[in-house]
Amino acid sequence: MSDKNITSVLKETRQFPPSAEFVARTTVNATERDRLAEWAERDPDGFWAEQAKSLHWTKPWDTVLDWSNVPHAKWFVGGQLNASDNCLDRHVAAGRGNKAALVWEGEPGDSRTLTYQQLLSEVCKFANALKALGVEKGDRITIYMPMIPEAAVAMLACARIGAMHSVVFGGFSADAVADRNNDAKSKLVITADGGWRRGKVVPLKANVDAALEKSPTVEKCVVFNRCNTAVEMKAGRDVWWHDLVAGASADCPAEPMDSEHPLFILYTSGSTGKPKGVLHTTGGYLLGVSLTHKWVFDIKDDDVYWCTADVGWITGHSYIVYGPLCNGSTVVMYEGAPNQPREDRFWEIIAKYRVTIFYTAPTAIRAFIKWGDQHPKGHDLSSLRLLGSVGEPINPEAWMWYHNVIGGGRCPIVDTWWQTETGAIMISPLPGAIPTKPGSATKPLPGIAAEVVDKQGHPVPANAGGFLVVKRPWPSMMRTIYGDDERYKSTYWSHYPNIYFTADGARRDEDGYIWVMGRVDDVLNVSGHRLSTMEVESALVHHPKVAEAAVVGKPDDLKGEGIVCFVTLKQGVAPTDELKAELKAHVVKDIGALARPDDVRFTDSLPKTRSGKIMRRFLRDIAAGRQSTGDATTLEDLNVLAKLRADDE
Ligand code: 6R9
């Protein structure tokens, strides 16, 4: 844990109960919520067993939870199911094949709708194509795609045959793709020539070409033609998606998988070292995402649901693909940027498709506020009935703007707290069951034993700060870090015995509402994306002119946190502005554009403790332009601090 103080300065007293009209239609009202929460507390296994009946199992389970090998949970042991069958075949078999599954809009304005029947047939063809390429159950497949329906098709095709997908966000660099290929020992990469972003084509295939120079385990690469750009196709390795599926049969029965069969790996940043491959398995994950999607979004058959995340993040996995499709919902998917061609693109999409549920991130909301109310006000947003937020704490003022300007004062807001590791939403309002408070994710969902505790693991008194933990296993929890059980144990389970450590600080108010305050480790939250200060430091130190680097976050009105790098140079290297630009570009090449430093500052030395640890607390204060309040008695050389401050002036 870092030295960040967990103190909360938020004092927010406004409350917003759902309207009587919303409550009248809701799936889980206050009474039902209390009943579920009480049941889950009294009899967790019985509660989860009953919920799991909502999935289609080809073989029933024998044991609900096996927690004998802590912290590696096994859920619904002995049961078999297939995620792709649950997301597709089941709805088609129930006569809902003609319902729209994906309503997609490309950035240039092209659009496509795939019904459940059509999506099933695309998935089957592609699954057969993967089999023809030699993909087998248990193989790892990297997916590096733009936001097009084929990204979902590729994921579901893997699930259908039991291959584990590892989706890499399209904004990551070639080096980042190679690292993930190598860690997972991927056999195949699925990509596109490119994808549209802000009117330009992101060269995905060219990045893959560079990555594959350093990815010895990858044998084949499938390329979808999205943008009609010229790409190099390496003979014997690269194949076009359209050639593969042209001859493929649309008949590919979903293979029953054990409940604990791995469904996917998703890499995320931790406080140390390289990104971790968070592993999720089939039964528990699918239950977690479908149940929370149903409860939190109060989903009805006629809803048009839009989550603006990218499938490269967990939010895209759980709330664009698996959760909503498992519930048979109509999902809007958009390829590009929110300000292309103009700043009203999202509102145009909501009006065009009559979106009823809209789920986005605080960083996007802050950008909308900056762009001005005229953009949403120029469109008919009356179809909206529920709004969601995810990725970072939402500032109360951004919440109020979202509520008034986008929600017209009538839509409940679900502020959903969860993580890549938790798989599904953990703390959130059930919109028809609880009054919301701007900035609070309210209470843990029924079945989720989240608490705020002190360093010893004791619950803290009302309004005191503490660490957010989860005291009981839950079905969609991660099972391990791929290939590194030890790191899984030490990262999440070594702070408190048998208790999951989230690395977030929080407080619980006098009504039992939880206010998440952000990370207590060295993980930054830049525009809702997780980045480790260590990763950025490693990238910098990797540059031949850099001796040492310390990276901290600083408050940023739009991005939440900006990246500030304190760099000491090797002897004889001149600290020039050109070098600053070069170092920023170097980080982008190593990790991706999402990690571009906002500020590089050269310094002769970094503030350290006597044992040589960099004192980030001071650097954070300097980066934010604050006076340090903390204790500097352990600082090795107080002059360093004075000098860094002087440099700042
Ligand atoms: C889903 C997702 C997880 C971290 C998490 C926390 C922050 C996410 C939040 C929130 C406050 C919310 N976070 N949702 N903080 N309120 N509603 O974002 O997963 O990318 O793994 O990030 O994001 O700090 O620990 P992931």
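Residues numbered from 1 in each chain as written. Predicted model: local features only at pLDDT ≥ 70, side-chain atom pairs only at ≥ 80, totals over all residues. Heavy atoms only, no water.

An unreviewed UniProt entry lists the protein under the name Acetyl-coenzyme A synthetase, with Gemmata palustris as the source organism.

Peer 1: Could you give an account of unusual backbone geometry, with specific residues and numbers?
Peer 2: With an omega of 0°, the peptide bond running from Val70 to Pro71 counts as cis. With respect to the element layout, Pro71 can be found in the loop between β1 (63-66) and β2 (74-77). Residues Gln340 and Pro341 are joined by a peptide bond in cis, for which omega reads 0°. In this structure, Pro341 sits in the loop between β17 (330-334) and α12 (345-353). A positive phi angle, close to 60°, is found at Asn228, a residue other than glycine. (Helix = DSSP H or I, 4+ residues; strand = E, 2+ residues; numbered from the N terminus.)

Peer 1: Any chance you could break down the pairing of strand β28 (residues 546-556) for me, citing the residues and the numbers?
Peer 2: Pairing geometry for β28 and strand β29 (residues 560-569), over 10 bridges, is antiparallel. Paired with Val552 across the strands is Val564, a residue of β29. A loop of three residues connects β28 with β29, the two strands running antiparallel in sequence. (Pairing = 2+ DSSP bridges.)

Peer 1: Can you break down the packing of helix α7 (residues 174-184) against helix α8 (residues 204-212) residue by residue, with the values?
Peer 2: Two numbers describe how α7 lies on α8: the axes approach to 8 Å, and their chain directions differ by 50°. For the element pair α7 / α8, the angle class is oblique. Once α7 is placed against α8, the crossing between them reads as right-handed. On α8, the residues that touch Ala174, Val177, Ala178 and Asn181 of α7 are Asn207, Ala210, Ala211 and Leu212. (Axes fitted to C-alpha atoms, helices over the stretch in contact; angles between N-to-C directions. Parallel < 35°, antiparallel > 145°, perpendicular 65-115°, else oblique. Left-handed = near helix turned anticlockwise from the far one by under 90°. Contact = heavy atoms within 4.5 Å.)

Peer 1: Describe the nonpolar core, with residues and values.
Peer 2: Among the nonpolar cores identified, the biggest contains 159 residues, and Leu119, Phe126, Ile190, Trp241, Phe297, Tyr322 and Val567 are the most heavily contacted of them. Here this core takes 10 residues from helix α6 (residues 149-161), the largest share from any one element. Core analysis: the second largest hydrophobic core is formed by 29 residues, Trp347, Ile349, Leu387 and Trp399 among them. (Core = buried A, V, L, I, M, F, W, Y, C linked by side-chain atoms within 4.5 Å. Buried < 20%, exposed > 50% of the residue type's maximum accessible area, 1.4 Å probe, protein only.)

Peer 1: Could you give me a rundown of the pattern of salt bridges, with the residues and numbers involved?
Peer 2: Enumeration according to the criterion identifies 44 salt bridges in this entry. Here Asp302 ties to Arg25 by a salt bridge, and the two come within 3.9 Å at their closest N and O atoms. Of the two residues, Asp302 sits in the loop between α10 (282-296) and β16 (304-307) while Arg25 sits in helix α1 (residues 20-25), which places them 277 residues apart along the sequence. Here Asp302 falls in the exposed class, since its relative accessible area comes to 56%. Overall, Arg25 belongs to the partly exposed group, its relative accessible area being 45%. Between Lys99 and Asp301 there is a salt bridge; the shortest N-O distance is 2.7 Å. (Salt bridge = Lys/Arg side-chain N within 4 Å of Asp/Glu carboxyl O.)

Peer 1: Break down the sheet that holds strand β18 (residues 357-360) for me, citing the residues and quoting the values.
Peer 2: Within a sheet, each strand pairs with its neighbour through backbone hydrogen bonds, oriented either parallel or antiparallel. A sheet is described by the order of its strands in space; here seven strands give the open sequence β5-β4-β17-β16-β18-β19-β20, paired in mixed fashion. Two strands lie at the open edges of the sheet, namely β5 (111-115) and β20 (413-416), each paired on one side alone. Averaged over all pairs of adjacent strands, the angle between their axes in this sheet comes to 20°, without regard to strand direction. Inspection of the sheet shows strand β4 (residues 100-105) paired to β5 by five bridges, in the antiparallel sense. Bridge pairing in β5 links Trp104 to Arg112. Contacts between helix α5 (residues 116-132) and the sheet are confined to β4 and β5, with β5 contributing the most and set at about 90° to the helix. Most of the contacts of helix α11 (residues 314-326) go to β16, to which it runs at about 160°, and overall it touches β4, β16, β17, β18 and β19 (386-390).

Peer 1: Hey, could you go over the UniProt feature "modified residue: N6-acetyllysine" (unreviewed entry) in the protein for me, with residue numbers and the actual values?
Peer 2: Residues given the UniProt feature "modified residue: N6-acetyllysine" (unreviewed entry) here are Lys613. Within the secondary structure layout, Lys613 lies in the loop between β30 (599-602) and α19 (616-624). Ignoring any residue separated from it by four or fewer positions in sequence, one finds Lys613 in contact with Pro607 and Lys608. (UniProt positions renumbered as here; feature names shortened; annotations may be inferred.)

Peer 1: Explain empty space enclosed by the protein to me, and be specific about the residues and the numbers.
Peer 2: The full count for this structure, using the stated rule, is five cavities of 30 Å³ or more. Here the largest cavity is characterised by a volume of approximately 90 Å³. If one sorts the elements of the lining of the largest cavity by residue count, α10 sits on top with five residues. Here the residues of the lining of the largest cavity sort into 12 nonpolar, three polar and no charged. (1 Å grid on protein atoms, 1.4 Å probe; cavity = no way out; pocket = protein on both sides within 12 Å on 5 of 7 lines; lining within 4 Å. Points joined across faces, edges and corners; volume = space filled by probe spheres on them. Nonpolar A, V, L, I, M, F, W, Y, C, P; charged D, E, K, R; others polar.)

Peer 1: Any details on the packing of aromatic side chains? Residues and values, ideally.
Peer 2: Counted according to the given criterion, the structure contains 41 aromatic pairs. Ring centres of Trp39 and Phe47 lie 5.5 Å apart, and the angle between their planes is 85°; this geometry places the pair in the edge-to-face category. Phe47 carries the same exposure label as Trp39, and that label is buried. Where Phe264 meets Tyr285, the ring centres are 5.0 Å apart and the plane angle is 85°; that geometry is what we call edge-to-face. Taken together, the positions of Phe264 in strand β14 (residues 262-268) and Tyr285 in helix α10 put the pair 21 residues apart, joining distant regions of the chain. For the pair Phe264 and Tyr285, one class covers both residues: buried. Arg112 extends its terminal NZ or CZ atom over the ring of Trp104, reaching a point 5.9 Å from the ring centre. One cation-aromatic arrangement involves Arg617 over Phe618; the distance from NZ or CZ to the ring centre is 5.0 Å. (Phe/Tyr/Trp six-rings, centres within 6.5 Å; stacked < 30°, edge-to-face > 60°. Lys NZ or Arg CZ within 6 Å of the ring centre and 35° of its normal.)

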